[in-house]
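# Close look at the chain arrangement
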Amino acid sequence: MQNKNLAHKKNLNTDSNISKTGYRALFLLINLLKSPLSRDEILEIFKNDFIVQNSLSKDSVTNTINALKKAGCIISRPTQRTKNKYILRYHPFKTYLNKNHVEALQTLRENVVTLGDWELLIKLNDLYTKFAYFVEDDEVKNILLYNHPLKNIDINLLRRLISYCKSKQFININYISSINGAEGLDFIPEYITLENEKLYLWGYNKKYNEFAFLRIDKINQVNAVFFIDESSQSKHYHKEETIVTYKLKGLSAMMYLTEIGEKIIEESPEKEYQLTITAKVSNKFSFLQKILSYGTDCLIISPDSIKKELLKKLETMKSSYKNG
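Summarised in this report is the structure supplied together with it. None of the values given here were measured: they were computed from a predicted structure.

This part takes up the overall build of the protein. Helix and strand counts for the protein come out as 13 helices and twelve strands. Counting the 324 residues in the protein, one finds 35% classified as buried. Residue pairs at least 24 apart in sequence account for 53% of intrachain contacts in the protein once pairs closer than 6 positions are excluded. Carbon and sulfur atoms provide 51% of the accessible area of the protein, an area that totals close to 21000 Å².

In a regular helix each residue adds 1.5 Å, so 13 residues correspond to 18 Å; helix α5 (residues 58–70) covers 19 Å between its end C-alpha atoms and thus fits that length. Listed as buried for α5 are S60, V61, T64, I65 and L68. The buried residues of α5 occupy an angular sector of 135° when projected down its axis, which confines them to one face. Opposite the buried face of α5, by more than 90 degrees, sit the exposed residues D59, N63 and K70. Contacts made by the buried residues of α5 are with α3 (20–34), α4 (39–48), β2 (74–76) and β3 (85–90). Backbone geometry just after α5 places G72 at a positive phi near 115°.

A complete count under the given rule lists nine aromatic pairs for this structure. Here the aromatic rings of Y128 and F131 are separated by 5.9 Å at their centres, their planes lie at 25°, and the arrangement is stacked. You can see Y128 and its partner F131 sitting in helix α7 (residues 118–131), three residues apart, about one turn around the helix. What makes Y128 buried here is its relative accessible area of 1%. Residue F131 is classed as partly exposed on the basis of its relative accessible area of 24%. Their ring planes at 85° and their centres at 5.4 Å tell us that Y200 and F213 sit as a pair that is edge-to-face. With Y200 in strand β6 (residues 198–205) and F213 in strand β7 (residues 210–215), the pair connects residues that are 13 residues apart, well separated along the chain. Exposure remark for F213: the relative accessible area of 28% places this residue in the partly exposed category. By the ring-pair criterion, three or more aromatic residues cluster together here, those being Y191, Y200, W202, F211 and F213.

About the thresholds
Residues numbered from 1 in each chain as written. Predicted model: local features only at pLDDT ≥ 70, side-chain atom pairs only at ≥ 80, totals over all residues. Heavy atoms only, no water. Helix = DSSP H or I, 4+ residues; strand = E, 2+ residues; numbered from the N terminus. Buried < 20%, exposed > 50% of the residue type's maximum accessible area, 1.4 Å probe, protein only. Contact = heavy atoms within 4.5 Å. Areas by Shrake-Rupley, 256 points an atom, 1.4 Å probe, with all protein chains shown as cover. Expected span 1.5 Å × (residues − 1). Arc of directions from axis to C-beta. Phe/Tyr/Trp six-rings, centres within 6.5 Å; stacked < 30°, edge-to-face > 60°.

What follows is the structure in C-alpha cells.
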C-alpha cells in the first residue's frame, strides 16, 4: 500500500499534470502583454521558468507563437523596424466592461458607503482602478476612477493619518475650518469614520482642549509629527467619556451596526425587535446628532445629563418652528 501511495505522489509532478505546449503559450502571452520580446529573450525566459526549465530550440518559439495565433492572437513578426521583437497587437482574452457593468459596480460601491466601511471602500477603489485598465470608453473609465465619495481625499495623506491613528502620535496639521478659517492644530488622532459620504478624523484637539472630529478633505497637510511616550502623552491628553445607555427599536434596530465604543448588551426579538446599547461618548454633539437621526425609534435610558441635553436641543428646535 505504501509503495502504491508513493507511486501516486510521484505522478503529481509538473511533467505529468501540465501540458507543456499549453503552458508555454500562456506563459509567453503573459510576458508579451508586458512588453515586446525577441526570440532570444523568449528562449531566456523559458529557460528560467521553473516549469519549462530546459533549453528549447528556436523552432519551439515559432511553434508557440503559431499556437497563440491559432487561438486568435495577432502577433507581428520581428523586423528591423520592431528591433527584431515579436509584438502582441491583439488578443481575444481581454475583459470588456461597458457602462451597464460599471453602473452595477457603482451600486456596490454606494452600498458600502451606506455601511460606513471606509476601509472596504478604499480597497474597492483600488480594485476599480485596476478594472479601469479594461475600459476603452473614457467616460466609463472616469466613473471607475473618479466617481466615488473619497475623490477629494489625498490618498497618501489618508494613509499617513491611518498610521498616526495606530500609534496615537501628536501631529501638527493645517486645517480649513468652516468657522475659524485656516488654522494650525496640534492633534492626537485616534480613529477614522465615514459618515454622510465624508471621512472624519477623530481625536484630541489640543488647541481647544477637547475630543473632536475633523473632516479629512479639509486637512491640507501634516506639518510635523511629535514622537512622545505614553506617560508624556497622558499629561497633555485626557479624554472625558460618558457612558450612555439607549434603546433602539424597529427598523433602526434591525439596520444597526456596532460602532467604535459601542456594545449591544441586550437583544429582544419579541413583538417589536429591540436592542439595548451602551456607548462610550467623548463628543456629545456628534452622539446627539446620531440619536436624533433615529427619531422615535430611539430612547435614551441613562444618564440624566444626556437626557437633559437632548431635551434642551429638542426644545430649541421646537421653538424655532414656533417663531416661524
